[in-house]
Amino acid sequence: MPDLPNLDLDLLPPVDPALYVAPGDPGHAPRILILYGSLRDRSYSRFVAEEAARLLEHLGAEVRLFDPTDLPLPDGAPVDHPKVAELRELVGWSEGMVWSSPERHGAMTGILKAQIDWIPLSLGSVRPTQGKTLALAQVCGGSQSFNALNQMRVLGRWMRMVTIPNQSSVAKAWDEFDEAGRMKPSPYYNRIVDVMEELVKFTLMTRGRPHLTDRYSERVESAEALSRRVNTGRI
């Protein structure tokens, strides 16, 4: 059982899959991959990611966090680089994601963007992110802002993901975590709870329903033609 001292557990039971799943649902726990956008020892975006992981596990999900340490810049290494291969394998495993970024110079960080840029839009005829769910969070060094969230939402749409309506922006993040990196009770914490609960529900509702993101244009375009059109090696 995750350590969740800020929760009233009676008000947040694990999500009941029977209320949301499609006929023929695979039946396993929702698979959620979490990416974060800072390499600092005291990284607030990582602290949010870790809080999200605890909440998701309590709600019934299986969670994996990707550590971006030593991930090369996009196109700075071959795709069989161990960190790139690890990231792509986790993306294939996942049914939903959480992206957590600091806002730096009014934008999401290059560390998070590099992770997203290593995720291809297509692997042969497989689109690794299409139809998967996405939840967004950002941390701010000062007053509350939504610049990083807005950018990530654009990217989620570009990656053809089902980006959930709710989102989290934690202002003055340096004051919202204790020395151990645990989030203090606050409306910001409650919003993260809301976002993770919504993510689990949306993931259960959308997985096992490939027709939701099945597109006419993709049915008439062969995998070979698709590969030629999106092959960035020609750019």
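Everything below is about the structure shown above.
The structure displayed is predicted, hence computed values, not measured ones.

A.B. asks: Sorry, what's going on with the overall build of the protein chain here?
C.D. replies: A count of helical and extended segments in the protein chain gives 7 helices and 5 strands. Ordered by position in the sequence, the α and β elements of the protein chain form the string β-α-β-α-β-α-β-α-β-α-α-α. For 235 residues, the compact-globule formula gives about 18 Å, and the C-alpha radius of gyration of the protein chain, at 18 Å, lands near that figure. Expressed as a percentage of its 235 residues, the buried residues of the protein chain come to 48%.

A.B. asks: Would you take a moment to explain the pairing of strand 3 (residues 96-102) for this structure?
C.D. replies: In summary, the side chains of a regular strand alternate between the two faces of the sheet. Of all 7 residues that make up strand 3, 7 are buried, and the element is covered over most of its length. Burial along strand 3 is two-sided: Gly96, Val98, Ser100 and Pro102 and Met97, Trp99 and Ser101, pointing in opposite directions, are all buried. Looking at chain direction, strand 3 and strand 4 (residues 133-139) are connected through 7 bridges and run parallel. In the strand pairing of strand 4, Ser101 is matched with Gln138.

A.B. asks: Help me understand the pairing of strand 2 (residues 62-65) in this model?
C.D. replies: Bridge count for strand 1 (residues 31-36) against strand 2 is 4 bridges, and the pairing is parallel. Within strand 2, the residue paired with Leu33 across the bridge is Arg64. In this region the chain leaves strand 1, passes through helix 1 (residues 44-59) and returns to the parallel neighbour strand 2; the handedness of that crossover is right-handed.

A.B. asks: Can you help me understand helix 5 (residues 187-206) in this one?
C.D. replies: Because each turn of an α-helix spans 3.6 residues, side chains separated by three or four positions in sequence point in the same direction. Between its first and last C-alpha atoms helix 5 spans 28 Å; for 20 residues at 1.5 Å apiece the expected length is 28 Å, and the two agree. Within helix 5 the residues assigned to the buried category are Tyr189, Ile192, Val193, Val195, Met196, Glu198, Leu199, Val200, Thr203, Leu204 and Thr206. On the buried face of helix 5, the contacting elements are strand 1, helix 1, strand 3, strand 4 and strand 5 (162-170). Regarding helix 5, its N-cap is Ser186, as a side-chain oxygen of that residue lies 3.1 Å from the backbone nitrogen of Tyr188 further along.

A.B. asks: Please clarify how the packing of helix 1 against helix 5 should be interpreted in this entry.
C.D. replies: When two helices pack together, their arrangement is captured by the angle between the axes and the distance separating the axes. Between helix 1 and helix 5, whose axes approach to 9 Å, the crossing angle comes to 50°. The pairing of helix 1 with helix 5 is recorded here as oblique in orientation. Here the hand of the crossing between helix 1 and helix 5 comes out right-handed. Along the contact surface, helix 1 presents Val48, Glu51, Ala52, Leu55, Leu56 and Leu59, while helix 5 presents Tyr189, Ile192, Val193, Met196, Glu197, Leu199 and Val200.

A.B. asks: Is there a simple way to think about the nonpolar core in this case?
C.D. replies: Side chains of a nonpolar character, in soluble globular proteins, are inclined to be buried together. Of all hydrophobic cores here, the largest spans 36 residues; its most connected members are Ile34, Leu55, Leu56, Val98 and Met196. The element best represented in this core is helix 1, accounting for 9 residues. What Leu55 contacts, discounting residues up to four positions off in sequence, is Leu4, Leu7, Tyr189, Ile192, Val193 and Met196. If you look at the next biggest cluster of nonpolar residues, it comprises 23 residues, including Leu33, Val91, Trp118 and Leu149.

A.B. asks: In this structure, what is going on with the sheet that holds strand 2? I would like to understand it.
C.D. replies: Pairing between the strands of a sheet is mediated by backbone hydrogen bonds and can be parallel or antiparallel. With parallel pairing, the 5 strands of this open sheet are ordered in space as 2-1-3-4-5. The open sheet is flanked by strand 2 and strand 5, the only strands paired with a single partner. Ignoring which end each strand starts from, the neighbouring axes of this sheet average 20° apart. Where strand 1 meets strand 3, 5 bridges bridge the pair, whose relative direction is parallel. In the strand pairing of strand 3, Ile32 is matched with Gly96. Those strands touched by helix 4 (residues 147-158) are strand 3, strand 4 and strand 5, and its axis lies near 165° from that of strand 5. The strands that helix 5 touches are strand 1, strand 3, strand 4 and strand 5; relative to strand 5, the one it contacts most, it runs at about 170°.

Here is what the cut-offs are and how they apply
- Residues numbered from 1 in each chain as written.
- Predicted model: local features only at pLDDT ≥ 70, side-chain atom pairs only at ≥ 80, totals over all residues.
- Heavy atoms only, no water.
- Helix = DSSP H or I, 4+ residues; strand = E, 2+ residues; numbered from the N terminus.
- Rg over C-alpha atoms; globule rule 2.2 N^0.38 Å.
- Buried < 20%, exposed > 50% of the residue type's maximum accessible area, 1.4 Å probe, protein only.
- Pairing = 2+ DSSP bridges.
- Right-handed = clockwise from strand over helix to strand, strands pointing away.
- Expected span 1.5 Å × (residues − 1).
- Contact = heavy atoms within 4.5 Å.
- Polar contact = N/O pair within 3.5 Å; in protein donor to acceptor, adjacent residues only side chain to side chain.
- Axes fitted to C-alpha atoms, helices over the stretch in contact; angles between N-to-C directions.
- Parallel < 35°, antiparallel > 145°, perpendicular 65-115°, else oblique.
- Left-handed = near helix turned anticlockwise from the far one by under 90°.
- Core = buried A, V, L, I, M, F, W, Y, C linked by side-chain atoms within 4.5 Å.

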